[in-house]
Amino acid sequence: MLTVEEQTQTAQPAGTGRQKEQAVQRMFSSIARYYDLNNSLLSLGLHHSWKRRAVGFLSPNDCRVLDVGAGTADLALLTASRLGEKARIVAADLNVPMLAIGVEKVRKAARQKQIICVQANAERLCVPDASFDAVTTGFCMRNVGDLTTALREIIRALKPGGRLVCLEFSRPVVGWLRRLYDWYSFTLLPWVGTKVSGDQTGVYEYLPASIRAFPDQEGLARLMREVGFSRVEYHNLSGGIVAIHVAVK
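We now turn to the structure provided with this report.

Calculation criteria
Every residue gets a number counted from 1 within its own chain, in the order that chain's sequence is written. The predicted origin of the model limits local features to residues at a pLDDT of at least 70 and limits the giving and counting of side-chain atom pairs to 80 or more, whereas totals for whole chains, interfaces and linings rest on all residues. The basis for every side-chain value is the complete set of non-hydrogen atoms in the structure, without hydrogens or water. We define the nonpolar core as a collection of buried residues of types Ala, Val, Leu, Ile, Met, Phe, Trp, Tyr and Cys that are connected through side-chain atoms lying within 4.5 Å of one another. Residue exposure (1.4 Å probe, protein chains only): buried if accessible area is under 20% of the type maximum, exposed if over 50%, otherwise partly exposed. We call two residues contacting when some pair of their heavy atoms lies within 4.5 Å. With a 1 Å grid spanning the protein atoms alone, the term cavity applies to any set of points in which a 1.4 Å probe fits but cannot get out, the term pocket to an open set with protein on both sides within 12 Å along at least five of seven lines, and the term lining residue to any residue with an atom within 4 Å of a point. Grid points are joined across faces, edges and corners, and a volume is the space filled by probe spheres set on the points. Per the convention used, a helix needs a DSSP run of H or I reaching at least four residues, while a strand needs a run of E reaching at least two, with both numbered from the N terminus. Amino acids are sorted into nonpolar (Ala, Val, Leu, Ile, Met, Phe, Trp, Tyr, Cys and Pro), charged (Asp, Glu, Lys and Arg) and polar (every other residue, Gly among them). Arc, as used here, means the arc of the directions from the helix axis to the C-beta atoms. Following DSSP output, two strands are said to pair if at least two bridges run between them. Helix axes use the C-alpha atoms of the stretch in contact, all axes being lines fitted to C-alpha atoms, and the angles between their N-to-C directions lie in the range 0 to 180 degrees. In this analysis, rings of Phe, Tyr and Trp, with Trp reduced to its six-membered ring, are considered paired at centre separations within 6.5 Å, and the interplanar angle assigns stacked below 30 degrees, edge-to-face beyond 60, and tilted for intermediate values. We call a charge positioned over a ring when the NZ of a Lys or the CZ of an Arg lies within 6 Å of the ring centre and within 35 degrees of the ring normal. Roughly parallel means an angle under 35 degrees; roughly antiparallel, over 145; roughly perpendicular, 65 to 115; everything else is oblique. In this scheme the handedness of a crossing depends on how the near helix is turned from the far one: anticlockwise by less than a right angle means left-handed, clockwise means right-handed.

Attention now moves to the nonpolar core. The tendency in soluble globular proteins is for nonpolar side chains to be buried as a group. Of all hydrophobic cores here, the largest spans 47 residues; its most connected members are Phe28, Trp50, Ile115, Phe169, Val242 and Ile244. Apart from residues no more than four positions distant in its own chain, Phe169 is found in contact with Trp50, Phe139, Arg142, Tyr181, Ile211, Phe214, Ile241 and Val242. Core analysis: the second largest hydrophobic core is formed by 31 residues, Val90, Val127, Phe132 and Leu223 among them.

Here it is, written out as structure tokens:
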């Protein structure tokens with residue numbers, strides 16, 4: 001049996017580019033119906049507060065919002081609640097089973113006039129240039145095939161002065177929390193996630209590996225500046241387990 005240190009050193013994300021995209025889609029299709037339940041179990045319910053904090057960075061004047069990697073539409077629904085009836089939100093995700101659950105949640109919330117769910121690839125959004133006041137994304141960016149391409153698509157879709165609000169797993173800021181989080185991520189999380197979902201695709205091994213491979217807070221901020229965002233800031237939540245990056249075009 002590998003130690004936690006060995007697991008974190010040897011675990012690999014699902015390749016890159018098209019290979020990664022296909023692998024990620026297979027995995028998320030497998031767990032779609034258990035996704036919301038496992039999010040609550042594995043985050044101890046914290047993902048709800050993380051998402052509320054993220055939409056809190058939207059401006060009350062944001063009328064057109066694109067949610068990239070919308071999944072089951074949690075962030076889109078919170079955005080609609082925060083911005084009110086005037087807001088129009090496009091919830092975009094590549095994964096059809098995840099998106100189907102999102103469509104049903106939007107229907108139950110009676111938000112169909114505000115939120116439209118569409119299938120779209122984060123690296124090829126197929127929206128007009130400068131067409132959105134804001135872009136949100138929650139726990140999506142580490143799963144794209146090419147992060148730089150996805151960020152360039154987002155900045156293209158934003159109006160001048162528009163903002164990206166990116167909620168993503170990051171790097172705990174203190175050593176003891178990093179060690180505890182590594183043990184949880186590479187030992188407990190895969191066991192619980194697999195038991196609940198019955199998954200056989202390895203998604204709950206992929207998830208912690210994808211977090212480890214993703215840029216940390218400063219690395220992601222630097223990449224956002226490199227693709228053209230003029231102002232970038234980030235806010236650590238839960239000791240840096242997750243971070244919210246806010247970037248202005």
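Structure shown, so let's carry the discussion forward.
It is worth spelling out empty space enclosed by the protein at this point. The final tally for this structure, using the stated rule, is one cavity of 30 Å³ or more. Approximately 460 Å³ is the volume found for the largest cavity. Lining the largest cavity are 32 residues, with Gly69, Gly71, Asp93, Phe139 and Cys140 sitting closest to its centre. For the lining of the largest cavity, the elements supplying multiple residues, two or more each, are helix H2 (17-31), helix H3 (35-42), strand S1 (64-68), helix H5 (74-83) and strand S2 (88-93). Of the residues belonging to the lining of the largest cavity, the class tally is 15 nonpolar, 10 polar and seven charged.

With that out of the way, let us pick up helix H4 (residues 46-55). Listed as buried for H4 are His47, Trp50, Lys51, Ala54 and Val55. All buried residues of H4 fall inside an arc of 130 degrees around its axis, so they share one side. Looking at the buried positions of H4, the neighbouring elements they touch are H3, H5, strand S5 (158-169), strand S6 (231-237) and strand S7 (242-248).

This part covers the sheet that holds S5. Taken together, the seven strands give an open sheet; going across it, the order is S3-S2-S1-S4-S5-S7-S6, and neighbouring strands pair in mixed fashion. Where the open sheet ends on each side, the last strands, each with one partner, are strand S3 (115-119) and S6. With direction set aside, neighbouring strand axes in the sheet form an average angle of 15 degrees. Examined bridge by bridge, S5 and S7 share seven bridges and lie antiparallel to one another. The residue of S7 that forms the bridge with Cys166 is His245. Helix H10 (residues 217-227) contacts S5, S6 and S7 of the sheet and is inclined by roughly 160 degrees relative to S6.

Attention shifts here to the packing of aromatic side chains. Overall, the coordinates contain three aromatic pairs when judged by the stated rule. Between Arg64 and the ring centre of Phe132, over which it is positioned, the NZ or CZ distance is 5.0 Å.

A word on the environment of Leu207. Mapped onto the fold, Leu207 is located in helix H9 (residues 203-213). C-alpha of Leu207 to C-alpha of Phe186: the two residues are 21 residues apart in sequence and 9.2 Å apart in space. Not counting the four nearest positions on each side in its chain, Leu207 is found in contact with Phe28 and Arg142.

Interhelical geometry of helix H7 (residues 147-157) versus H10 gives an angle of 55 degrees and a closest axis separation of 10 Å. It follows that H7 is oblique to H10 by the angle criterion. Our pair here, H7 against H10, has a crossing hand that is right-handed. Between H7 and H10, the contacting residues are Leu147, Thr148, Leu151, Arg152 and Ile155 on the first element and Leu220, Leu223, Met224 and Val227 on the second. Split by residue class, the contact of H7 with H10 holds seven nonpolar, one polar and one charged.

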